[in-house]
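The primary structure of each chain is shown beneath.
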Amino acid sequence: MGELTDPSFVRDLMARERPEVVLHCAANVNVDDCEDDPVAAFRNNAVLTRSIARAAPPGCLITYITTDGIFKGDQPFVDETQLPCPRTVYARSKLHGEWEVQLVTDTHLIVRTNFFGWSSGRKKTSAEWLYEALRNREPITLFDDFYFTPIYVVDLVERVLLLLEMGARGIFHLCGKDRVSKYEFGMLLAAIAGLPTDNVRRGSIHEASLRAPRPTDMSLRSDRFSTVT
């Protein structure tokens, strides 16, 4: 993340720009990489967040984009009242980022989510990888026992902007209304794109050789957002 991990760079930037709102979405989101290097994970996800929160001018609204992975992952449709129980280094580092924001300022908006969409080109998203694998008919395995509530990135941005316009504060879950498995998500993407699926194997996350222990149900519910809007 380059200069952002330098606290002096962050302080100078904040002092120069004096922002009223900071939208903080920089992170190392590679779950297995974080598991391999916890020190780097906490530097990029927790320490950086602390630097941003502390350097922000008084009254600045810190908007922190975090993850649905901070929960144990053993029940569906978790809301904001559920206590976190992260199982991976990545999730723990993001949860620590939440705590850093909450400790520094009451003027914060913490958004837990799991979004999909197309990137600016600097890095390939999981949806882009899946689309290309389907289009190129590469052999892929999609889990039918790993659930989430994905939201399209444009819809996520619209909801964040609405919360900002309303002056909302605190923790919000922003997610899609449907709880789907990775397999179901892939089938929906293929259907919408008109792509064949004979290259897709239906599998279990318990069969996968993953370095980090994943929760199996990361589905969220966004009742608080619906209530305030």
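This text goes with the structure placed above it.
Notes on the structure follow. (Residues numbered from 1 in each chain as written. Predicted model: local features only at pLDDT ≥ 70, side-chain atom pairs only at ≥ 80, totals over all residues. Heavy atoms only, no water.)

1. Topic: the sheet that holds strand E3 (residues 108-113)
Part 1 of the reasoning: Taken in spatial order, the four strands of this open sheet run E1-E2-E3-E8, and their pairing is parallel. A single partner strand is all that each edge strand has here, and the edge strands are strand E1 (21-24) and strand E8 (170-174). When strand polarity is set aside, the average angle formed by the axes of neighbouring strands in this sheet is 20°.
Part 2 of the reasoning: Pairing analysis gives six bridges linking strand E2 (residues 61-67) to E3, with the strands arranged parallel. Across the sheet, residue Thr 63 finds its bridge partner in E3, namely Leu 109. (Pairing = 2+ DSSP bridges. Helix = DSSP H or I, 4+ residues; strand = E, 2+ residues; numbered from the N terminus. Axes fitted to C-alpha atoms, helices over the stretch in contact; angles between N-to-C directions.)

2. Side note on the packing of aromatic side chains
Part 1 of the reasoning: This structure, assessed with the given rule, holds four aromatic pairs.
Part 2 of the reasoning: Their ring planes at 65° and their centres at 5.6 Å tell us that Phe 148 and Phe 185 sit as a pair that is edge-to-face. Separated by 37 residues along the polypeptide, Phe 148 in strand E6 (residues 147-148) and Phe 185 in helix H7 (residues 182-193) bring together distant segments of the chain.
Part 3 of the reasoning: Using a relative accessible area of 14% as the deciding quantity, one classes Phe 185 as buried.
Part 4 of the reasoning: Of the aromatic side chains, those joined through ring pairs into one cluster are Phe 116, Phe 148, Tyr 152 and Phe 185.
Part 5 of the reasoning: Here Arg 224 stacks its cationic end above the ring of Phe 172, 4.0 Å away from the centre of that ring. (Phe/Tyr/Trp six-rings, centres within 6.5 Å; stacked < 30°, edge-to-face > 60°. Buried < 20%, exposed > 50% of the residue type's maximum accessible area, 1.4 Å probe, protein only. Lys NZ or Arg CZ within 6 Å of the ring centre and 35° of its normal.)

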